[in-house]
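# What the coordinates show
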Amino acid sequence: MSWFGWSNNLKIWVRLVAVILVGTICSGVGLIYWGTLQQKKIAVDQAQDFAESVYQMTMAGLTGMMITGQVAQRNIFLDQIRDSNHIESLKVFRGRPVVLQFGEGHAGELPNSVAERAVLDSGKAYHEIFVGTDGSEKLRVILPAIALRNYLGKNCMDCHKVEPGTVLGAVSMEISLARANQTARVFAVSAFSVAALLCIPLTLFIWYFISHWVTQPLRRMTHGLTLISQGDLEATSHLHSSGNDEIGQATEAFNQVMDKAKELLSEQRMSRIVFENSLEGIVVTDSSSRIQLVNQAFVETTGYSAEEVIGLTPAVLKSGRQDEAFYREFWRVLREKGEWRGEIWNRRKNGSVYAERLSIGAVKNGQGEVEHYVAIFSDVTERKKREERISFQAFHDSLTGLPNRMLFLDRLDQVLAQARRSKSGTVAVMFLDLDHFKEINDTMGHEAGDACLKEVAHRLRQCVRASDTVARMGGDEFTLLLPKVAAEADVRAVAQKILEAMKVPIVLGGQEVTITTSIGISMFPRDAQDGETLLKHADAAMYKVKNSGRAGMFFFVPDLLGRPSSPSA
């Protein structure tokens, strides 16, 4: 018997535990190995960065010693750098241009290896990991010293008679990687130890859940299918059996059920399952609209139990938001087309009103007579609230709740259209800009500025009629739309009311602040025939107030056109 054939006779939980455990162990070993390599790579990268910092420190020190004439202390300085930074070796050697200009220098200042000469020739840094005589890994780094016009604030060409970019010499050092390798080994050993210890609880954990999630359900399925095979479900094709484990036993029992299933499946029972478990409310009525059946979703949505509504008509849910004309059209469509779809407002048992998406269909017999009506609905109240909120946010200022520029211009166009049709209407537009508002933001902060804008919006609403529109155009700019004004004196009175309201101090952060406003006014049809021009003329009149000392009002006159309008706020 092959291994695969033998394994088919094992309990399925044994096979699953073995496969999962082996896969987990392999993945863990790979992950630990990768982590060890990453630990070592990080250590090498850190050593290279450390070598760069030692190089900078060495070159800075040697440059300073050369400038101050302390070159004789060179070897002592290098020994201190090497010892204080725990470097295996540190060497600074000269390139050919320096040898030609200053000589070979002290012992050890000339390159003595192929790598050192290669760095002097190429001007490129050299990095090498090698095994030292003591058997430990080390990092050898050779970094070239390049002549620059500005190196640490000094011009290399002041001392060296070479061209910029010439290799003057190099710094070579060796750094031990023993500690890094030890850290990587400790990490690997610790990780393997922890992984080995985790295998025991992991095995128990896997066994427990496979036993509960696979083995026991399979046993129950086998027992249930054996009972159903005595005559309950519709059959399809036989399943292939591949062993004598729990799955194989279930398959054999399933095949027995399939032999009788087709003749036993009931469409009515299946429909009942769908009906009871639907997330949408379902109501079945007779031809007279008397409720015969409701599902659980109906109960949860409306608050009425099945016993409370059976025998009644759906009118028990009537909210009163739809008039009789709506219901006449509703029944006309349902009778003519056999179905109706749309949104309707109904009332729950607790009195709250909700919106629902409703679909109603007529069930007819062979003679075309209606036997039942089936209604399916879902609660869309929250969706409609979201839509209303999004619509409000699109046309209103988020801070003050006032209409924004888009909504203001739309209302202005509608009011002007009505005024043109009546041929006798007068419309006024006010453009307000708060005086020195920027100082509040700068001295008291933006939270105080926002609170000020909210209070200004509140006061503006109090100064106008319910039919008037107050809008925030942005920043500290507001506009007012006054439809159907009788005379200029009425508009002037409203503007004066606003100026007086602004004189009352506003409490911001515990301080009383008085903020004034400049108001420009234009009127239809006297000053312009369209909304944009009316707004532009009101803006020009407002800047006239700004240029005249602020805290006042001004009606537009044609002389304002062409004047500059950019005073400070």
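Preceding this paragraph is the structure being described.
Residues numbered from 1 in each chain as written. Predicted model: local features only at pLDDT ≥ 70, side-chain atom pairs only at ≥ 80, totals over all residues. Heavy atoms only, no water.

Right, let's talk about the packing of aromatic side chains for a bit. If you walk through the whole model with that rule in mind, you get six aromatic pairs. Ring centres of F326 and Y327 lie 5.3 Å apart, and the angle between their planes is 85°; this geometry places the pair in the edge-to-face category. With a centroid separation of 5.0 Å and an interplanar angle of 65°, the aromatic rings of F330 and W340 are classed as edge-to-face. Placement of F330 in helix α11 (residues 324–337) and of W340 in strand β7 (residues 339–347) is noted, with a sequence separation of 10 residues between them. Stacked on the ring of F130, the Lys or Arg R140 has its end atom at 4.1 Å from the ring centre. It is R321 that lies over the ring of W345; its NZ or CZ is 4.2 Å from the centre. (Phe/Tyr/Trp six-rings, centres within 6.5 Å; stacked < 30°, edge-to-face > 60°. Helix = DSSP H or I, 4+ residues; strand = E, 2+ residues; numbered from the N terminus. Lys NZ or Arg CZ within 6 Å of the ring centre and 35° of its normal.)

Quick look at a negative patch on the surface now. Where like charges cluster on the molecular surface, the negative patch consists of D410, D413, D530 and E532. Of note, D413 is situated in helix α13 (residues 405–422). (Patch = residues over 30% accessible without salt bridge, like charges linked within 9 Å, V, L, I, M, F, W, Y side chains within 5 Å. Areas by Shrake-Rupley, 256 points an atom, 1.4 Å probe, with all protein chains shown as cover. Salt bridge = Lys/Arg side-chain N within 4 Å of Asp/Glu carboxyl O. Lys, Arg positive; Asp, Glu negative; His and termini not counted. Charge placed at Lys NZ, Arg CZ, Asp CG, Glu CD.)

Before going further, it helps to spend a moment on the layout of surface pockets. Its volume calculated, the second largest pocket comes out at about 510 Å³. Lining the second largest pocket we find 23 residues, and of these P314, A315, F330, W331 and I360 sit closest to its centre. For the lining of the second largest pocket, the secondary-structure elements that each account for two or more residues are β5 (281–286), α11, β7, β8 (353–364) and β9 (370–379). Here the residues of the lining of the second largest pocket are counted per class, giving 17 nonpolar, four polar and two charged. (1 Å grid on protein atoms, 1.4 Å probe; cavity = no way out; pocket = protein on both sides within 12 Å on 5 of 7 lines; lining within 4 Å. Points joined across faces, edges and corners; volume = space filled by probe spheres on them. Nonpolar A, V, L, I, M, F, W, Y, C, P; charged D, E, K, R; others polar.)

Moving on to the environment of V284. Mapping V284 onto the fold places it in strand β5. Considering only alpha carbons, one finds V284 and A362, 78 residues apart in sequence, at a separation of 10.0 Å. Look past the residues within four positions of V284 in its chain and what remains in contact with it is F275, R290, I291, Q292, L293, H372, Y373 and V374. (Contact = heavy atoms within 4.5 Å.)

It is worth spelling out the sheet that holds strand β4 (residues 167–176) at this point. If you walk across this open sheet you meet the four strands as β1-β4-β3-β2, and the pairing is antiparallel. Two strands lie at the open edges of the sheet, namely β1 (89–94) and β2 (126–131), each paired on one side alone. The sheet shows a mean angle of 15° between the axes of neighbouring strands, direction not considered. For strand β3 (residues 137–146) and β4, the ladder comprises nine bridges, and the chain directions are antiparallel. Bridging across to β4, K138 finds its partner in S176. Here helix α5 (residues 114–122) sits on the sheet in contact with β1, β2, β3 and β4, set at roughly 140° to β4. (Pairing = 2+ DSSP bridges. Axes fitted to C-alpha atoms, helices over the stretch in contact; angles between N-to-C directions.)

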